[in-house]
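# Summary of structural features
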Amino acid sequence: MLLKEIFLVALASLRANKLRAFLTMLGIIIGVGAVITMIALGNGAQRQVQARIEALGTTMLQIDATRQTANGVRLTTFKRMTTPDADMLRDSTTLLTAVEPQQDQRYQVTFENTNTNVSIIGATSNYLLVRKYEMDFGRMFTAREDSARHRVAVLGPSVLEDLGVTNPLDILGKDIRIRGIQFQVIGILKSKGDASSFEDPDDNILVPLSTARYRLFGSDYLGDIFVLVKDEPSIPAAWAEIERWMRRAHHLRPDQPDDFRIRDRADFLVTAGETAQVFTLLLAGVATVSLLVGGIGIMNIMLVSVTERTREIGVRKALGATRRHILSQFLIEAVVLCLLGGAVGIGIGVGASVVLRTSFGWNTDVSVTSILLAFGFAATVGLLFGVWPARRASGLDPIEALRYE
């Protein structure tokens, strides 16, 4: 019997039991669709993390205060960072290209008849450079406006939504009130998107640092100091330089621990990416279980098919079909079931990924690798779970098979 004839006989057998064939394929369809969707979500998360790292900048370091410990006990008091610390880093270090100190606090903000609670950031004029922001409308405040304590503000795009403003030009040049104090809106930031897992980078209002210190916060304490290192290879040396100067400024003895911490914010996002990858593999593994269940279903149906077609197998053997021919026929039936189910599952998986991206705004990225992986796995399942029924069919004695009722 030629391979073409074996293939046609296998297809004819599947067409004779369309509903049973479809129900058998259902497990493969669900499994392949789930695997492709889960991998697409994982790839989308990885791509988003990469975009976050690029948005933050790979040469930015964050310095903030931390509580000290004594004999393993965390102290309740700690030394806060101040503007002289930022000035010292700006004047003394050699590997930093920019230093941006900032204060932040949430306050009530009012525009006309609408009010909202927003994070107010007191920053220097180089905020856009250090934090990788861009202006969308208007301008950033200048160093002169900072030193003169001008009451000007730059709004993040999410603030406009909070204040019910649909057109940025409707608020540009007008006044808002922060903690009851009047500020003129001089600029609107371009949306940065979800660049951090912990905060919305678009839901901030920037005001000059001096204005924030003396008119809003009434404090010289800084929340953070952000610095830019000249290039990535210089980060370890710059890290050590910052530690040395900060310890000197805070008069720490050699046996005393740091009362500050330096963080590379990109590390958090790399960790988030690794976590997303682990969850992707976990979800893909769970989805793969559906493929295995589908394979078991195929094996079960093929065993039933062998029992139902015992006389047919006997007739074929009596007419000259060899054991290899019978084995090939049942293997082809199992593989065809899996491949057809895999093809439908691929369509469902790709479609689900598109729907999640367009309708729900989720980041998905369907890769050719995931499609080939799912399709290949489906074919493998067909082979593995079709071998036993095929071997059982090919091993039937033709005389006994012809006597079967």
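Keep in mind it's a predicted model, so treat the numbers as computed, not measured. (Residues numbered from 1 in each chain as written. Predicted model: local features only at pLDDT ≥ 70, side-chain atom pairs only at ≥ 80, totals over all residues. Heavy atoms only, no water.)

Assignment of secondary structure puts glutamine 103 in strand β5 (residues 96-111). Here the side chain of glutamine 103 touches serine 219 through a polar contact of 2.8 Å, landing on its backbone oxygen. Those residues within four positions of glutamine 103 in sequence are excluded, and the remaining contacts are Ile120, Ile121, Gly122, Leu209, Ala212, Arg213, Phe217, Ser219, Asp220, Tyr221, Leu222 and Gly223. (Helix = DSSP H or I, 4+ residues; strand = E, 2+ residues; numbered from the N terminus. Polar contact = N/O pair within 3.5 Å; in protein donor to acceptor, adjacent residues only side chain to side chain. Contact = heavy atoms within 4.5 Å.)

To describe a pair of aromatic rings, one takes the distance between the centres and the angle between the planes. On inspection of all chains with the given rule, the structure shows three aromatic pairs. Ring centres of phenylalanine 360 and tryptophan 362 lie 6.5 Å apart, and the angle between their planes is 55°; this geometry places the pair in the tilted category. If you follow lysine 192 out to its NZ or CZ, it ends over the ring of tyrosine 133, 4.3 Å from the centre. The ring of tryptophan 245 carries arginine 248 above its face, with NZ or CZ at 4.6 Å from the centroid. (Phe/Tyr/Trp six-rings, centres within 6.5 Å; stacked < 30°, edge-to-face > 60°. Lys NZ or Arg CZ within 6 Å of the ring centre and 35° of its normal.)

Another aspect to go through is the side chain of serine 158. Along the chain, serine 158 turns up in helix α6 (residues 157-162). Classification of serine 158 as buried rests on a relative accessible area of 14%. Aside from chain neighbours lying at most four places away, what touches serine 158 is Asp200, Asp202 and Asp203. (Buried < 20%, exposed > 50% of the residue type's maximum accessible area, 1.4 Å probe, protein only.)

One non-glycine residue, glutamate 112, adopts positive backbone phi at about 55°. Mapped onto the fold, glutamate 112 is located in the loop between β5 and β6 (114-123). At arginine 179, a residue that is not glycine, the phi angle is positive and equals roughly 55°. Among the secondary structure elements, arginine 179 is positioned in the loop between β9 (175-178) and β10 (181-189).

Turning next to the nonpolar core. Grouped together as the largest cluster of nonpolar side chains are 32 residues, with contacts concentrated most on Ile28, Val32, Ile298, Phe330 and Leu337. Of all elements in the fold, only α2 (18-56), α9 (265-308), α11 (323-359) and α12 (368-394) reach the threshold of two or more residues within this core. When residues no more than four places from it in sequence are discounted, the contact partners of leucine 337 are Leu14, Ala21, Thr24, Met25, Ile298 and Met302. (Core = buried A, V, L, I, M, F, W, Y, C linked by side-chain atoms within 4.5 Å.)

In the contact formed by α11 and α12, the axes pass within 7 Å of each other and the chain directions differ by 150°. As far as their axial angle goes, α12 and α11 are roughly antiparallel. The hand of the α11/α12 crossing is right-handed. For the contact of α11 with α12, the per-class residue count stands at 20 nonpolar, four polar and two charged. (Axes fitted to C-alpha atoms, helices over the stretch in contact; angles between N-to-C directions. Parallel < 35°, antiparallel > 145°, perpendicular 65-115°, else oblique. Left-handed = near helix turned anticlockwise from the far one by under 90°. Nonpolar A, V, L, I, M, F, W, Y, C, P; charged D, E, K, R; others polar.)

Moving on, we come to the pairing of strand β13 (residues 224-229). Burial analysis of β13 places six of its six residues in the buried class, the great majority of the element. Burial along β13 is two-sided: the face carrying Asp224, Phe226 and Leu228 and the face carrying Ile225, Val227 and Val229 are both buried. Note that strand β1 (residues 60-65) and β13 share four bridges and pair antiparallel. Each residue of the ladder has a partner; that of isoleucine 63, found in β13, is isoleucine 225. Direction of pairing for β5 relative to β13: antiparallel, over a ladder of six bridges. Bridging from a neighbouring strand, glutamate 100 pairs with phenylalanine 226 of β13. (Pairing = 2+ DSSP bridges.)

Glancing now at the environment of leucine 96. One can find leucine 96 in strand β5. Using a relative accessible area of 14% as the deciding quantity, one classes leucine 96 as buried. Through-space distance from the C-alpha of leucine 96 to that of valine 229 is 4.6 Å; in sequence the pair is 133 residues apart. Residue contacts for leucine 96: discarding those within four places in its chain leaves Leu89, Val227, Leu228, Val229, Ala238 and Ile242.

On to a positive patch on the surface, then. On the surface, a cluster of positive charge is contributed by Arg149, Arg151, Arg177 and Arg215. In this structure, arginine 151 sits in the loop between α5 (143-147) and β8 (152-155). (Patch = residues over 30% accessible without salt bridge, like charges linked within 9 Å, V, L, I, M, F, W, Y side chains within 5 Å. Areas by Shrake-Rupley, 256 points an atom, 1.4 Å probe, with all protein chains shown as cover. Salt bridge = Lys/Arg side-chain N within 4 Å of Asp/Glu carboxyl O. Lys, Arg positive; Asp, Glu negative; His and termini not counted. Charge placed at Lys NZ, Arg CZ, Asp CG, Glu CD.)

Moving on to empty space enclosed by the protein. Under the criterion given, the structure shown has two cavities of 30 Å³ or more. Here the largest cavity is characterised by a volume of approximately 90 Å³. Those elements giving two or more residues to the lining of the largest cavity turn out to be α1 (3-16), α2, α9 and α11. (1 Å grid on protein atoms, 1.4 Å probe; cavity = no way out; pocket = protein on both sides within 12 Å on 5 of 7 lines; lining within 4 Å. Points joined across faces, edges and corners; volume = space filled by probe spheres on them.)

Before going further, it helps to spend a moment on the pattern of salt bridges. Across all of its chains, the model carries eight salt bridges by this definition. Ionic pairing is found between arginine 247 and aspartate 258, a salt bridge with its closest N-O pair at 2.6 Å. One end of the pair, arginine 247, is in helix α8 (residues 235-249); the other, aspartate 258, is in the loop between α8 and β14 (260-263), with eleven residues separating them in the sequence. Using a relative accessible area of 18% as the deciding quantity, one classes arginine 247 as buried. For the salt bridge of arginine 253 with aspartate 255, the shortest nitrogen-to-oxygen distance reads 3.4 Å. Classification of aspartate 255 by relative accessible area gives exposed; the value is 61%. A single salt-bridge network, built from bridges that share partners, covers Asp64, Arg261 and Arg263.

Looking now at the pairing of β8. Residues Val152 and Val154 line one face of β8 and the alternating positions Ala153 and Leu155 line the opposite face, and both faces are buried. Here four bridges tie β8 to β10, and the two strands are oriented parallel to one another. When the sheet's bridge partners are listed, leucine 155 is paired in β10 with isoleucine 188. Sheet topology places β8 next to strand β11 (residues 204-208); two bridges connect them, and they run antiparallel. Paired with leucine 155 across the bridge in β11 is isoleucine 205.

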